[in-house]
Amino acid sequence: MTSKGIDHSGLTFRRDYFGDLKAWQALVDLLKDTFAIDIGPLQQMGGPDPSSMPFGWFDGDGLLAANLSAFAMPLVINGRPLNAAAFQSGAVRPPWRGRGLYRDLTQKALAWCEEKGFEAIVLYTDKPALYGPYGFRVLPLHAYSGKAPTVPKAQRSARRLNLRETADLEMLSAALKTRQPVSDVLAVCESAAMFLINTQLDPGVRISWLERERAAVAWKMDAPRHVMLLDVVGGSIPSLATIIGALDVEAEIVDVLFCPDKLDWSGQAKPLESHTRLMIRAPGTIAFDRPAMLSPMADF
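A brief report on the enclosed structure follows. As the structure is a prediction and not an experimental result, all values here were calculated from the model. Throughout, a residue's number is its position along its own chain's written sequence, starting from 1. A pLDDT threshold of at least 70 governs which residues receive local features in this predicted model, and a stricter bar of 80 or more applies before side-chain atom pairs are shown or counted, although totals over entire chains, interfaces and linings include all residues. Hydrogens and waters are ignored; side-chain quantities use all the structure's heavy atoms.

## A look at the overall build of the protein chain
Then comes step 1: Counting from the N terminus, the helices are the DSSP runs of H or I reaching at least four residues and the strands are the DSSP runs of E reaching at least two. Helix and strand counts for the protein chain stand at six helices and 17 strands.
Then comes step 2: On C-alpha atoms alone, the protein chain measures out to a radius of gyration of 20 Å, which is about the 19 Å that the 2.2 N^0.38 rule sets for 300 residues.
Then comes step 3: Taking the principal axes of the C-alpha coordinates as reference, the protein chain spans close to 70 × 45 × 35 Å.
Then comes step 4: Per-residue burial over the protein chain gives 53% buried out of 300 residues.
Then comes step 5: It only takes one pair of heavy atoms within 4.5 Å for two residues to be counted as in contact. In the protein chain, the share of contacts with a sequence separation of at least 24, taken over all contacts with a separation of at least 6, comes to 72%.
Then comes step 6: For this count, His and the chain ends are skipped, Lys and Arg are scored as positive, and Asp and Glu as negative. Charge coordinates come from a single atom per side chain, which is NZ of Lys, CZ of Arg, CG of Asp or CD of Glu. Taken together, the 32 basic and 33 acidic charged side chains of the protein chain have centroids lying 2 Å from each other. C-alpha atoms define the radius of gyration, and 2.2 Å times the number of residues to the power 0.38 defines the globule rule. The classification of residues rests on relative accessible area computed with a 1.4 Å probe and restricted to protein chains. Under 20% of the type maximum is buried, over 50% is exposed, and intermediate values are partly exposed.

## Some thoughts on the state of the cysteines
One way to say it: the disulfide is the covalent bond shared by the sulfur atoms of two cysteines.
Then comes step 1: Disulfides are defined as pairs of cysteine sulfur atoms found within 2.5 Å of each other. Inspection of the entire model under this criterion finds zero disulfides.
Then comes step 2: Cys-189 carries a free sulfur, and the closest cysteine sulfur to it, the one in Cys-259, is 15 Å from it.
Then comes step 3: You can call Cys-189 partly exposed: its relative accessible area is 23%.

## Things to note about the packing of helix α4 (residues 166-177) against helix α5 (residues 192-201)
Then comes step 1: Where α4 contacts α5, the axes come no closer than 9 Å and their chain directions differ by 140°. The angle between the axes of α4 and α5 places the two elements in the oblique class. The crossing of α4 and α5 is right-handed. In contact with Leu-169, Leu-172, Ser-173 and Leu-176 of α4, α5 contributes Ala-192, Phe-195 and Leu-196.
Then comes step 2: Its residues placed into classes, the contact of α4 with α5 shows six nonpolar, one polar and no charged. Lines fitted to C-alpha atoms define the axes here, with helix axes fitted over just the stretch in contact, and angles between the N-to-C directions of these axes take values from 0 to 180 degrees. By the definition adopted for this analysis, an angle is roughly parallel if under 35 degrees, roughly antiparallel if over 145, roughly perpendicular if from 65 to 115, and oblique otherwise. By definition, any crossing whose near helix is turned counterclockwise from its far helix by less than a right angle is left-handed, and any crossing with a clockwise turn is right-handed. Amino acid classes used here: Ala, Val, Leu, Ile, Met, Phe, Trp, Tyr, Cys and Pro are nonpolar; Asp, Glu, Lys and Arg are charged; the rest, including Gly, are polar.

## Section: the pairing of strand β14 (residues 226-234)
Then comes step 1: Counting buried positions along β14 yields seven of nine residues, so the element is predominantly enclosed.
Then comes step 2: Summarising the sheet, strand β13 (residues 215-223) and β14 pair through seven bridges and their orientation is antiparallel. Counterpart to Val-217 in the pairing with β14 is Val-232.
Then comes step 3: Between β13 and β14, which pair antiparallel in sequence order, lie two residues; one of them, Arg-225, sits at a positive phi of approximately 60°.
Then comes step 4: Pairing of β14 with strand β15 (residues 253-256) involves four bridges; the strand directions are parallel. Only strands joined by at least two bridges in the DSSP assignment are considered to pair.

## Some details on empty space enclosed by the protein
Then comes step 1: A pocket, in this scheme, is an open set of points on a 1 Å grid over the protein atoms alone with protein on both sides within 12 Å along at least 5 of 7 lines, while a cavity is a set where a 1.4 Å probe fits but cannot get out; residues line either one if an atom lies within 4 Å of a point. Grid points are joined across faces, edges and corners, and a volume is the space filled by probe spheres set on the points. Following the criterion strictly, the structure yields one cavity of 30 Å³ or more and no others.
Then comes step 2: Quantified by volume, the largest cavity comes out at close to 40 Å³.
Then comes step 3: By residue number, the principal contributor to the lining of the largest cavity is strand β11 (residues 186-188), which donates three residues.
Then comes step 4: Taken together, the residues of the lining of the largest cavity break down into six nonpolar, one polar and two charged.

## Here's the deal with the packing of aromatic side chains
Then comes step 1: Pairing of aromatic rings covers Phe, Tyr and Trp, the last counted by its six-membered ring, and requires centre-to-centre distances within 6.5 Å; plane angles under 30 degrees mean stacked, over 60 mean edge-to-face, and any other angle means tilted. Scanning the entire structure with this criterion turns up nine aromatic pairs.
Then comes step 2: With a centroid separation of 5.9 Å and 45° between ring planes, the pair formed by Trp-112 and Phe-118 is classed as tilted.
Then comes step 3: Trp-112 gets classed as buried once you look at its relative accessible area, which sits at 6%.
Then comes step 4: Residue classification places Phe-118 among the buried residues on the basis of a relative accessible area of 18%.
Then comes step 5: Comment: the charge-over-ring label is applied if NZ (Lys) or CZ (Arg) is within 6 Å of the ring centre and within 35 degrees of the ring normal. Seen from the ring of Phe-58, Arg-14 lies directly overhead, with NZ or CZ sitting 5.3 Å from the centre.
Then comes step 6: Its guanidinium or amino end placed over the ring of Phe-13, Lys-108 lies 4.8 Å from that ring's centre, counting from NZ or CZ.

See the structure below:
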């Protein structure tokens, strides 16, 4: 037991361990066992974000008892670039809960972010009270819904990308590295690893490539004539009419899961119904110019 009440008996602390494939697999196992989420395919899609810094407590057999990872996630908020970090992969196995391990890892991750000079830190959680004492505040999130725009004629159809094909994966990866933020109100500037793994975690997500616009569109269609737009990746953002026309679907209603300020379309902002909350730790108060949310493809 340490002086701060952290019981790490029988455990060894490690950080920056993603280069060790056995330790990486221990994280994959921890998240699979805790949340039923498999991030294993990320290794075949370019690997974790290169800025990632994992903090973990391991037992003598290499089992990961507790983990919290931080990584760079540059954002734009109200038109201003923000040098931000994000926390993810926070979990503690049941036998080691209540020992202060997660508090210890949170403090270590916060110290690393301060050392790196990040202006803000964001995270998603279903336990916001856990992070309030560390200065994190909940951000209200809104999606947009409305009638589908009138589609121009003679549109060229988009091509569905197959990310198991090397050429398609490389093309999407290149677009992610040079993408324009999908919104000036709230958006990631770059988060390739999160986008790629989220294509695997939700089998309903479709990725379509608009050749003329050199843009990838992440979308779903869970109900007839109802399109859900998740993200747009490109050097410029096509209008929603161009996107719907290229998808070649019959759409009456469109839900946009980010602020549509670049889509030449306006829908009704609606509070996002989700069991997880987006929180931010930053000096001062963050308030969006318009209702907004981060694309689910940047979910971490």
